[in-house]
Structures are given as structure tokens and as C-alpha cells.
Amino acid sequence: MIEAAVAVEGLRVVRGHRPVLDHLTFSIPPGSVTGLLGPSGGGKTTLLRSIVGVQRVTAGTVRVLGRPAGDAQLRGRVAYMTQAPSVYGDLTVEENLAYFAAVLGAARPRVQEVSEQVGLTGQRRALVGRLSGGQRARVSLATALLGRPELLVLDEPTVGLDPVLRRDLWNLFHDLAAAGTTLLISSHVMDEAARCDRLLLLRDGALLADDRPAALLQQTGAGDLEGAFLALVESLGRARVT
Amino acid sequence: MRPSRTLATALRVLTQLRHDPRTIALLLGVPCLLMALLRWLLDERPEQLDALGAPLLALFPFITMFLVTSVTMLRERVSGTLERLLTTPIGKLDLLLGYGLAFAVVAGLQVSLVSALSLGPLGVDVAGPVALVVLVAVIDALLGVALGLLVSAFATTEFQAIQFLPAIVFPQLMLCGLLIPRRELPGTLEAVSDLLPLSYAMDAMISLAASSEVTGGLRDNIAVTAGAALVALILAAGTLRRRSA
């Protein structure tokens, strides 16, 4: 059996007195695109942060590429794109990428390659602070791609993008997965769910589902994934009432 | 730690500054204007001008670098770039030394410019070697950088970061011997001033202003200032957490 790229067991994160994540257990196969879906405030970002290893966890274990999450040895192998674009607004696109390439030890031609991959070659000399929100998000995505990571964790990478760009980026995600990269992508847009190999549905810190999109449709008998999600939420509500 | 990452960070910080020409103009121009003002103010009192000139050469970079660094580092924390950097293989000291290196370059420029103006056209007399005056001023700037990096950890907004100037810098200014010689301070305050790093920086500058001799005491003062900067830098590295709640 192939070892899981991400293995989460009994993960619990408590912030203040409120459990943000409660006893999560799941694993993610390598070379796949996994979608993390659910309403905002449901713990998606906290889960991604736990996998990247920047989140203080209360209990449970998270193993990434065979090592504990956040292990020093993983720093070049896992890349994380946060929801708010974490790049320098007072540098140009190229200067941002060149700096992070130096930090990651990536070869200089990578700067050009990732600019092309996210469709930003025309803006290479533009100050990031002057770009639109969607363009800034793509600079942040390009930065995450620089070091050819084995695990790519993306928090809402397609927010504010037009349909053409969104399609192009999802094609890129699948190309990367086909080449062996594992991708974990959060979204609250249900039409993106259908593009994933697997789905994790997270609500109020608990996993509602962990399955292939087709299996979820079959299990719930819903016509689309939005319907499937609602059906799962409602069946859970009934289970709590009875 | 890797020197290439330190160097890349220094270059990145300098490039950010290059995109902000107004800040550069203020950093370099304001100290020159203030020195010219002081020269005018003390037109009739040249001996006071000579006594104040050298210490001020060191104070300008100390204060400006403290402010610029604490705000830059705070931005790095708030924008999420710090968290991103800490998920990469960069070492905490690579990052902080990169900052130190970048601002040392800026401080070097600032000090050279103000010194050239003060010791030349403005006619401020410094008894000690000019090269040493510039070196001590740059070390003071590094002390400002290190303290700025450290206090940025305790601020969550730029307003708070700026308030650390009166909180951290002003008490050191009042007790560093510039207003009242340190030996004439009330006993407790003298003891306190012995604990503040700026006191040693100013002792070095005051003796450089007055005497051409490079004494052991001067060397000790320079070493203590540099040591304090290093300690503040290491403490600042301790405030960088790869994991947070």
C-alpha cells in the first residue's frame, strides 16, 4: 500500500474554550486533488494550518509525507498559500518571486516558469500592491509553486477569479497531481467540488464526509454536490434531534 | 543558517525601500536639516556644538532605524509574509541578520552624509578619528535595528509600534548622559542608566567628541553597545514562532 501524503488522527484544536476542530481522522492519498469544503467559520483554515504545521494543536497527530507536520525537514517539501495573499505589496511580482526563490533555494528560471503557470507574465514588473485582488492571489500561488513542493496546501486560491482563469488553474492543479504532487485545496464554492478527486466536507469542526464526488452524489441521491452537502447537513441535524 | 538567505533578505528589504523614495529622502534629509538647525541655534556657543555634535551623529540613526525597523517588521507579521517565510527553510537568524545588514547599509549612508555635512561645512569639531565616529554611529544604528525588531513582537498595530519610541527610546535618551552627565545622576537613576545600552553608545560618542585618544574605556563602551545589539537580536529571534494559536 502507498503511504498517505497526509494522515490525520484524532486531531483536536481548541481556541479559547471552543473546539475549532474535533477529533478529525482522515488521510489523503498522494498525487491527488482533495477539496476541503464547508461553510466559512467551519475550521477549514485551522485544518490547513495544522497540516502545514503552523497551528498549535490540542490533541491528536498529523503526519505529512511520513513525518510529523511542521518538521524542519518538511519546510522545503510543503508549500502553503494563505487566504490573504502573503506577498510584499511594495515589491514587483518578479522581485517577490526572486526573493522567495532564493529563500527556497529554487533555480532562477523557476520565476519565469511559475509566472507563466499562473498567467502573470504581463505583470512581472508591476508592483504587487497595485494589482487587483485576483492578481495578488495568483502572485501568492506562484510563490507556493516555486519550490516544486510535494504537498501543496491552498486556502481558497480561486477567489475573485474569472471563469476562464479558474478553469486554467484547475487544469494546472490536475497537471501537478498527475506529476505526483498532492494538492489540498479549500473552497466554499460548491461548483469547484466536482473538479476534485476527493472531497472533505467540514462543518463546525467535524467531518461530514470524506469520499469521491460521484460516491457522495450516489450516497445522498442528490442531483449536484450542493444538494449532497445540504442532504448531509440535514441528515446530521435529524440525527441530533432524535 | 545560510549566508545566501541572509543576503537575499537584505537585498529584498533594500529593494522595498528603493520603491519608497520619499522615505529614503526623509531618512537622509531630515538628520542633515536638524544638524544645520543645531548649528544655527548654537552659533554663539561653538563649544556646546562640538559637545553635542558627535552624540547626535549617533542618535539620528539609532532613532530612525528603531522606527523604520519596528514598522517594517510589524508589516511583515501583519501581512502574513512572516508566517509564510517561517514555513520555508529560512532560519530565524538568516531573516533577522538580513534586516540588520540592510539597515546597516542605510545607516552607513545616513551617517556618512550627516558626518560629511557636520564635520565639513557646518564646522563641528570632533577630537577622535572620523572613521571611528562613523563606525560607532553605525553600531548604534544596529542597536536601534535590533531593539526595533524585538519590540515589533509586542505590537499588533503600527500605532502601537510607534508608541514604543517614547516607551523604549526616550527613557534611554534622558538617562544616557546627554542631558546630565551620568555620574551626576541621582544614585538609583545612575544604576538604571548603567543597565541601558544607549548609555554605553553615548559614553563612546561623548569621549570621541572630547578626546583624540582611543582608550580601553572607549573600546569597552563600543563592545558593550555591539553586545547589547546582538543580545536584542537573539531575543528577537526568540519571538519568532513557527507555530501559533
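See the structure printed just above.
Quick look at the structure, then. (Residues numbered from 1 in each chain as written. Chains lettered and ligands numbered in written order. Predicted model: local features only at pLDDT ≥ 70, side-chain atom pairs only at ≥ 80, totals over all residues. Heavy atoms only, no water.)

Broken down by element type, chain A carries 7 helices and 10 strands. Seen along its three principal axes, the alpha-carbon backbone of chain A occupies a region of about 60 × 40 × 40 Å. The buried share of chain A, taken over its 242 residues, is 50%. A fraction of 65% describes how many contacts in chain A between residues 6 or more apart in sequence connect residues 24 or more apart. Measuring between centres, the 26 positive side-chain charges of chain A sit 5 Å from its 24 negative side-chain charges. (Helix = DSSP H or I, 4+ residues; strand = E, 2+ residues; numbered from the N terminus. Buried < 20%, exposed > 50% of the residue type's maximum accessible area, 1.4 Å probe, protein only. Contact = heavy atoms within 4.5 Å. Lys, Arg positive; Asp, Glu negative; His and termini not counted. Charge placed at Lys NZ, Arg CZ, Asp CG, Glu CD.)

Across all of its chains, the model carries 19 salt bridges over all chains by this definition. Between A:Glu95 and B:Arg18 there is a salt bridge; the shortest N-O distance is 3.5 Å. One end of the pair, A:Glu95, is in helix α2 (residues 93-104); the other, B:Arg18, is in helix α1 (residues 3-18), on a second chain. Residue A:Glu95 is classed as partly exposed on the basis of its relative accessible area, which comes to 22%. Taking the relative accessible area as the measure of exposure, B:Arg18 reaches 53% and is therefore exposed. B:Asp43 is paired through a salt bridge with B:Arg39; the nearest N and O atoms lie 2.7 Å apart. (Salt bridge = Lys/Arg side-chain N within 4 Å of Asp/Glu carboxyl O.)

All names here are of chain A. Spatially, β2-β1-β4-β5 is the arrangement adopted by the 4 strands of the open sheet, whose pairing is antiparallel. Each of the sheet's edge strands pairs with one partner strand only, and the pair in question is β2 (18-28) and β5 (67-68). Two strands pair when backbone bridges link them, and strand β1 (residues 6-15) and strand β4 (residues 59-64) are joined in this way by 5 bridges, in the antiparallel orientation. Residue pairing in the sheet places Ala-7 in a bridge with Arg-63 of β4. (Pairing = 2+ DSSP bridges.)

Residues and elements named next belong to chain A. Within this structure, the stated rule accounts for 5 aromatic pairs over all chains. Pairing Trp-170 with Phe-173 gives two aromatic rings, centres 5.4 Å apart and planes at 75°, and the pair type is edge-to-face. Highlighted residues: Trp-170 and Phe-173, both in helix α5 (residues 163-178), separated by 3 residues, approximately one helical turn. Using a relative accessible area of 2% as the deciding quantity, one classes Trp-170 as buried. For Phe-173, a relative accessible area of 0% puts it in the buried group. (Phe/Tyr/Trp six-rings, centres within 6.5 Å; stacked < 30°, edge-to-face > 60°.)

Moving on: the interface of chain B and chain A. In this complex, chain B contributes 26 residues to the contact, which on the side of chain A involves 31 residues. Buried area between chain B and chain A, both sides added, is near 2500 Å², and the carbon and sulfur share of it is 51%. When the buried surface of chain B facing chain A is broken down by residue, B:Arg84, B:Thr87 and B:Arg243 rank first, second and third, together holding 29% of it. At the boundary of chain B with chain A, the tally comes to 3 salt bridges. Among the salt bridges present, the one from A:Asp90 reaches B:Arg75, with a minimum N-O distance of 3.8 Å. Connecting chain B to chain A are 19 residue pairs in polar contact (both at pLDDT 80 or more). Broken down by secondary-structure element, the contributors of at least two residues to the side of chain B that touches chain A are α1, α3 (46-79) and α4 (81-86) of chain B. With 7 residues, the single largest contributor to the side of chain B that touches chain A is α1(B). Looking at the side of chain B that touches chain A, its residues break down into 7 nonpolar, 10 polar and 9 charged. (Buried area = accessible area lost by both parts, 1.4 Å probe. Polar contact = N/O pair within 3.5 Å; in protein donor to acceptor, adjacent residues only side chain to side chain. Nonpolar A, V, L, I, M, F, W, Y, C, P; charged D, E, K, R; others polar.)

Residue and element names in this part refer to chain B. Position of Gln-172 among the secondary structure elements: in helix α7 (residues 158-175). Its relative accessible area of 4% is what places Gln-172 among the buried residues. Among the polar contacts listed, one links the side chain of Gln-172 to the backbone nitrogen of Leu-198, at a separation of 3.1 Å. Every residue in contact with Gln-172, bar those within four places of it in the chain, is listed here: Phe-62, Leu-147, Leu-196, Pro-197 and Leu-198.

Below, the discussion takes up helix α10 (residues 216-239) of chain B. Taking 1.5 Å of rise per residue, 24 residues should cover 34 Å, and α10(B) covers 35 Å from first to last C-alpha, within 8% of that figure. Buried within α10(B) we find B:Leu218, B:Asn221, B:Ile222, B:Thr225, B:Ala229, B:Ala232, B:Leu233, B:Ala236 and B:Ala237. (Expected span 1.5 Å × (residues − 1).)

Turning next to unusual backbone geometry. Residue and element names in this part refer to chain A. Even without being glycine, His-23 reaches a positive phi, approximately 45°. Secondary-structure assignment places His-23 in strand β2. Positive phi is not limited to glycine here, since Glu-156 has a value of about 50°. Inspection of the secondary structure puts Glu-156 in the loop between β7 (151-155) and α5. Under the relative-accessibility criterion, Glu-156 is labelled buried at 7%.

So, about the nonpolar core. Formed by 125 residues in total, the largest nonpolar core has its most connected members in A:Tyr99, A:Leu183 and B:Leu95. The dominant element in this core, judged by the number of residues it contributes, is helix α6 (residues 130-152) of chain B, at 14 residues. Apart from the residues within four sequence positions on either side, A:Tyr99 is in contact with A:Tyr88, B:Ala8, B:Thr9, B:Arg12, B:Leu85, B:Ile90 and B:Leu95. By size, the runner-up hydrophobic cluster in this structure holds 27 residues, among which are A:Ala5, A:Val8, A:Leu36 and A:Leu202. (Core = buried A, V, L, I, M, F, W, Y, C linked by side-chain atoms within 4.5 Å.)

Function cannot be inferred from these measures alone, as they are strictly geometric.
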